[in-house]
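# What the coordinates show
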Amino acid sequence: MGLRSILTAAAAALAALSAGPAAAAAPEKVPIEAFADLPFIADPLLSPDAKHVAARVSANGNEQLAIYTLPVDGATQPKIVPVGVQPRWFRWAGKDRLLIGYTTISLITGDGFFAILPATRLKRYELSSGSTIDLGKERGLLGDDVIYSDPAGRYILLSAQATAGDSPAVQRVDLATGASVEVQRKMRDIWNWFADAEGHVRGGIAYSGKGYSIYYRDDPRGELKKTAAGRLPADEAAVDSIRLLPGSRAGVIVTNAPTGRFAAYNYELGAPEIGAPIFEHPEVDVSGVEVSADGKRIDGVYYEDDRPRVKWLAPEMEQLQAKIDKTFPGKVNRIINRSDDGDSVLIWSGSAEDPGSY
């Protein structure tokens, strides 16, 4: 079956996720309350083996996390994930597990005062067993910053804090049991840690006053060294993320340090300066990068002006986008994500006159 046939069949099958009743011959006026309704399905993610889709679904004004088994048809019902919280985000960790970040309340006490502040936590849901466990809770940790996820879904590296006022340490968390061990102690002023493609903590970003510094280690077990530093272009932020490619010191950094707008630049571990730009937008921030399934290259860069967009850097992704656009002409077509083998993609297709289908 050719790619055009596959895409057409996929569109027909997955349209059931968002299809509504047939339009009446004389459309009635839409009540204003309808514009505040939650979409039936939102933020879907294809599993690494392309056998499931996880998504937010809504019914009667309530939003829940659910998993569809593929392929779907009109009779397919999603499996509701009983997490008991409102997810901030979710993503697959291997083909059988979901990571779910959510917000909770943290109580800070001191000498004669207390404060109640929002804090983030993390859960793991396992599709095969239906079990849900809290990650890091047995240590009283706060945070849902997953800096590395094992492709097989065995463990993650979690950057989390003992209290809301602490800088974070990094825990290696077993996703089967929830047991964790500290692999990187906290350090003064380092608020963001990053790992390499093999799952080793290789550095962190420190903020002090109106400046920032990047720390790194040559060897996964070596001591941290201070490298690139600079002034913050604003009161907050400087480095959004650092991704290192497998088997090398090279990677990509998303930062607003050079221009005041976040953009993607080449990065060399330990280099005293940020490298040449990979992609800069003249008016808006870069919001993230798309890395290939094997982690060996940067496939694209995300940004948003009047709508979410992607600049594909890999020729094969440009070609795939062109084929999708030809299959669904006159539409805005976005590749949401791909299976690990690259043979399956989840697509959103819509327009100004069409709310879109997955």
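Residues numbered from 1 in each chain as written. Predicted model: local features only at pLDDT ≥ 70, side-chain atom pairs only at ≥ 80, totals over all residues. Heavy atoms only, no water.

## A word on the overall build of the protein
When you go through the protein residue by residue, the secondary structure sums to two helices and 26 strands. Pairs at least 24 residues apart make up 35% of the contacts formed inside the protein by residues separated by at least 6 positions. (Helix = DSSP H or I, 4+ residues; strand = E, 2+ residues; numbered from the N terminus. Contact = heavy atoms within 4.5 Å.)

## Quick notes on the side chain of Ser 292
Considering the arrangement of structural elements, one finds Ser 292 in the loop between β21 (286-291) and β22 (298-304). Excluding residues within four positions of it along the chain, Ser 292 makes contact with Arg 297, Asp 299 and Arg 338.

## Topic: the sheet that holds strand β12 (residues 180-184)
If you walk across this open sheet you meet the four strands as β9-β10-β11-β12, and the pairing is antiparallel. Sheet topology places β9 (142-149) and β12 at the edges, where each strand pairs with a single neighbour. Averaged over neighbouring strand pairs, the angle between their axes works out to 35 degrees when direction is ignored. By the bridge criterion, four bridges tie strand β11 (residues 169-174) to β12 in an arrangement that is antiparallel. In the strand pairing of β12, Val 173 is matched with Ser 180. (Pairing = 2+ DSSP bridges. Axes fitted to C-alpha atoms, helices over the stretch in contact; angles between N-to-C directions.)

## With respect to the packing of aromatic side chains
This structure, assessed with the given rule, holds two aromatic pairs. Consider the rings of Tyr 148 and Tyr 155, whose centres lie 5.9 Å apart with planes at 35 degrees: the pair is tilted. Seen from the ring of Tyr 155, Arg 172 lies directly overhead, with NZ or CZ sitting 3.6 Å from the centre. (Phe/Tyr/Trp six-rings, centres within 6.5 Å; stacked < 30°, edge-to-face > 60°. Lys NZ or Arg CZ within 6 Å of the ring centre and 35° of its normal.)

## Details of the side chain of Ser 180
With respect to the helices and strands, Ser 180 occurs in strand β12. Side-chain polar atoms of Ser 180 contact the side chain of Glu 138, separated by 3.0 Å. At 2.8 Å, the side chain of Ser 180 and the side chain of Arg 139 are in polar contact. The contact partners of Ser 180, leaving out residues within four places of it in the chain, are Glu 138, Arg 139, Gln 171, Arg 172 and Val 173. (Polar contact = N/O pair within 3.5 Å; in protein donor to acceptor, adjacent residues only side chain to side chain.)

## What to know about the pattern of salt bridges
Taken as a whole and assessed by the stated rule, the structure comprises 19 salt bridges. Linking Arg 88 and Asp 144 is a salt bridge whose minimum nitrogen-to-oxygen distance equals 2.6 Å. Here Arg 88 is found in strand β5 (residues 87-92), whereas its partner Asp 144 is found in strand β9, with 56 residues between them in sequence. Taking relative accessible area as the criterion, Arg 88 reaches 43% and is therefore assigned partly exposed. (Salt bridge = Lys/Arg side-chain N within 4 Å of Asp/Glu carboxyl O. Buried < 20%, exposed > 50% of the residue type's maximum accessible area, 1.4 Å probe, protein only.)

## Comments concerning the sheet that holds strand β17 (residues 239-244)
As summarised here, the arrangement of the four strands in space is β17-β18-β19-β20, forming an open sheet in which the pairing is antiparallel. Because the sheet does not close on itself, it has two edges, and the strands there are β17 and β20 (277-279). Neighbour to neighbour, the strand axes of the sheet diverge by 30 degrees on average, direction disregarded. For strand β18 (residues 250-255) and strand β19 (residues 263-268), the ladder comprises six bridges, and the chain directions are antiparallel. Bridge pairing links Thr 255 to Ala 263 in β19.

## Re the environment of Leu 244
Within the element layout of this structure, Leu 244 appears in strand β17. Considering only alpha carbons, one finds Leu 244 and Phe 194, 50 residues apart in sequence, at a separation of 8.7 Å. Apart from the residues within four sequence positions on either side, Leu 244 is in contact with Phe 194, Ala 195, Asp 196, Ala 197, Arg 202, Arg 249, Ala 250, Gly 251, Tyr 267 and Leu 269.

## Quick look at the nonpolar core
Ranked by internal contacts, the top residues of the largest apolar core, which has 16 residues, are Phe 194, Ile 205, Ile 214, Val 239, Ile 242, Ile 253 and Tyr 267. Put simply, the parts of the chain that give this core at least two residues each are β14 (201-208), β15 (211-216), β17 and β19. Excluding its chain neighbours within four sequence positions, the residues that come into contact with Val 239 are Ile 205, Tyr 207, Tyr 212, Ile 253, Val 254, Thr 255 and Phe 262. Counting 13 residues, the second-largest nonpolar core is a separate cluster that includes Leu 245, Phe 279, Ile 298 and Val 301. (Core = buried A, V, L, I, M, F, W, Y, C linked by side-chain atoms within 4.5 Å.)

## As for the confidence of the model for the protein
The share of residues in the protein with pLDDT of 70 or more is 87%, and the mean pLDDT across the chain is 86. The secondary-structure element of the protein with the lowest mean pLDDT is helix α1 (residues 3-14), recorded at 49, while β11 shows the highest, at 97. Segment residues 1-7 is flagged for pLDDT under 50; beyond a separation of four residues in sequence, or across chains, it makes eleven contacts in the model. (pLDDT = per-residue confidence, 0-100.)

## Examining the pairing of β14
The element β14 is largely enclosed, with a buried count of seven among its eight residues. Relative to β14, strand β13 (residues 190-195) runs antiparallel, the two sharing five bridges. Within β14, the position partnered with Trp 193 by the bridge is Gly 204. Counting the residues that bridge the hairpin from β13 to β14 gives five residues, and of these Gly 199 lies at a positive phi of roughly 90 degrees. Across six bridges, the pairing between β14 and β15 is antiparallel. Paired with Gly 204 across the two strands is Tyr 215, which belongs to β15. Where β14 folds back on β15, the antiparallel hairpin that results is connected by two residues, among which Gly 209 adopts a positive phi of roughly 65 degrees.

## Quick word on the pairing of strand β26 (residues 354-357)
In this structure, strand β25 (residues 345-351) lies alongside β26, joined through two bridges in antiparallel fashion. Of the residues in β26, the one forming a bridge with Ser 351 is Asp 354. Between β25 and β26, which follow one another and run antiparallel, lie two residues.

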